[in-house]
Amino acid sequence: MTAIAWDGKCVVVDSARSASRNGTQRITIRKVRLFSKPIALSRTSKVRFTACVGAGMAKEIDGTYFLLDDVCTEEFGVQEWVEERKKYTGMAAHGVDLCNDFYLVGTDSDKPVMYRLNVLRSVDRLLTGSGASLLKHSAFDFMKQLDATDMAHAMTLVEAGTCGYPLIKYNPVTGKLTEIAKASDTKKRQLKRMYVKVVMDLANKAFGE
């Protein structure tokens, strides 16, 4: 899996990718993909995307990135592009070569924003607050109190079999990419305590204690 964490300011992702069908072999790649120029949410929007991240099949993620980077501009935004594809290919074919867990990162004036490209509905949805790709599991709601770096640390430590270092942090306001080699021992202990507490609380609740 891919660890994707967002805290309303920065996005942080891990760098592991499966290199074999069964996932036993892994390679390190940079999952934050920068666009060659800013692209708009729509021709009437002030939102400008400068990067994207995705989780899922590498072929679909790369294909979506290259399509957006090649076609979209500040005048022909993501929403126009999605609507054109829907018009000419139909809804069924519309999602075939697009990644369904794909996020666009940029700014709305000076405010950092992250949208999810919801391909099947042809809608771009703004993500508000903090979130991470593991938050779909309620056990990981504790991460909402963390910043994006710590969320990604937690996911990478919990899912060490499929996630891996270094983490890559992207700040859409400054355009800066930062590589984070690993979590410190102190940070590991802190996150482990939080995780164990959550798991124990869930277990106690399940058994009525």
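Just so it is clear, the structure is predicted and the values come from calculations on it, not from any experiment. (Residues numbered from 1 in each chain as written. Predicted model: local features only at pLDDT ≥ 70, side-chain atom pairs only at ≥ 80, totals over all residues. Heavy atoms only, no water.)

Student: For this particular structure, what's the right way to read the overall build of the protein?
Tutor: Check the secondary structure of the protein and you find 4 helices and 12 strands. Relative to all contacts within the protein whose residues are 6 or more apart in sequence, the contacts with residues 24 or more apart total 60%. A total of about 11,200 Å² of accessible surface is found on the protein, and carbon and sulfur atoms cover 52% of it. (Helix = DSSP H or I, 4+ residues; strand = E, 2+ residues; numbered from the N terminus. Contact = heavy atoms within 4.5 Å. Areas by Shrake-Rupley, 256 points an atom, 1.4 Å probe, with all protein chains shown as cover.)

Student: How do you make sense of helix α4 (residues 185-206) when you look at a structure like this?
Tutor: Since one α-helical turn is 3.6 residues long, residues separated by three or four positions face the same way. Between its terminal C-alpha atoms α4 stretches 31 Å, which fits the 32 Å expected from 22 residues at 1.5 Å a residue. All of the buried residues along α4 are Lys187, Leu191, Met194 and Val198. Buried residues along α4 cover an arc of 60° about the axis, so they all sit on one side. Turned more than 90 degrees away from the buried face of α4 sit Asp185, Thr186, Lys192, Arg193 and Lys197, all of them exposed. (Expected span 1.5 Å × (residues − 1). Buried < 20%, exposed > 50% of the residue type's maximum accessible area, 1.4 Å probe, protein only. Arc of directions from axis to C-beta.)

Student: Got a minute to help me understand the packing of aromatic side chains in this structure?
Tutor: Where two aromatic rings form a pair, the distance of their centres and the angle of their planes describe that pair. A complete count under the given rule lists 3 aromatic pairs for this structure. Ring plane angle 80° and centroid distance 5.5 Å describe the contact between Phe49 and Tyr115, whose orientation is recorded as edge-to-face. Placement of the pair is Phe49 in strand β6 (residues 47-54) and Tyr115 in strand β8 (residues 111-118), with a sequence separation of 66 residues. Each of the two residues, Phe49 as well as Tyr115, counts as buried. (Phe/Tyr/Trp six-rings, centres within 6.5 Å; stacked < 30°, edge-to-face > 60°.)

Student: Can you help me understand the nonpolar core in this one?
Tutor: A general trend in soluble globular proteins is that nonpolar side chains are found buried together. One finds Phe35, Ile39, Phe49, Leu68, Val78, Phe102 and Leu104 to be the most contacted residues of the largest nonpolar core, which totals 18 residues. Those elements giving two or more residues to this core turn out to be β5 (33-40), β6, α1 (58-71), α2 (78-94), β7 (102-108) and β8. Core analysis: the second largest hydrophobic core is formed by 15 residues, Val12, Leu146, Met151 and Cys163 among them. (Core = buried A, V, L, I, M, F, W, Y, C linked by side-chain atoms within 4.5 Å.)

Student: How should I be thinking about the side chain of Glu80 in this particular structure?
Tutor: Mapped onto the elements, Glu80 comes out in helix α2. For Glu80, a relative accessible area of 15% translates into the label buried. At 2.9 Å, the side chain of Glu80 and the backbone nitrogen of Gly77 are in polar contact. Residues in contact with Glu80, not counting those within four places in the same chain, are Leu41, Ser42 and Arg43. (Polar contact = N/O pair within 3.5 Å; in protein donor to acceptor, adjacent residues only side chain to side chain.)

Student: Where do I start with the environment of Thr178 in this structure?
Tutor: Structurally, the position occupied by Thr178 is in strand β12 (residues 176-180). Overall, Thr178 belongs to the partly exposed group, its relative accessible area being 30%. The sequence separation of Thr178 and Val12 amounts to 166 residues, and the corresponding C-alpha distance is 9.2 Å. If sequence neighbours within four positions are ignored, Thr178 has contacts with Leu167, Ile168 and Lys169.

Student: Mind showing me how you'd approach the pairing of β6 here?
Tutor: Look at any regular strand and the pattern is simple: side chains alternate between the two faces of the sheet. Counted residue by residue, β6 has 6 buried out of 8 residues, so it is predominantly covered. Across 4 bridges, the pairing between β5 and β6 is antiparallel. Residue pairing across strands places Arg33 opposite Cys52, the latter belonging to β6. The hairpin turn running from β5 into β6, its antiparallel successor, is 6 residues long. Pairing between β6 and β7: 7 bridges, direction antiparallel. Bridging across to β7, Val47 finds its partner in Asp108. (Pairing = 2+ DSSP bridges.)

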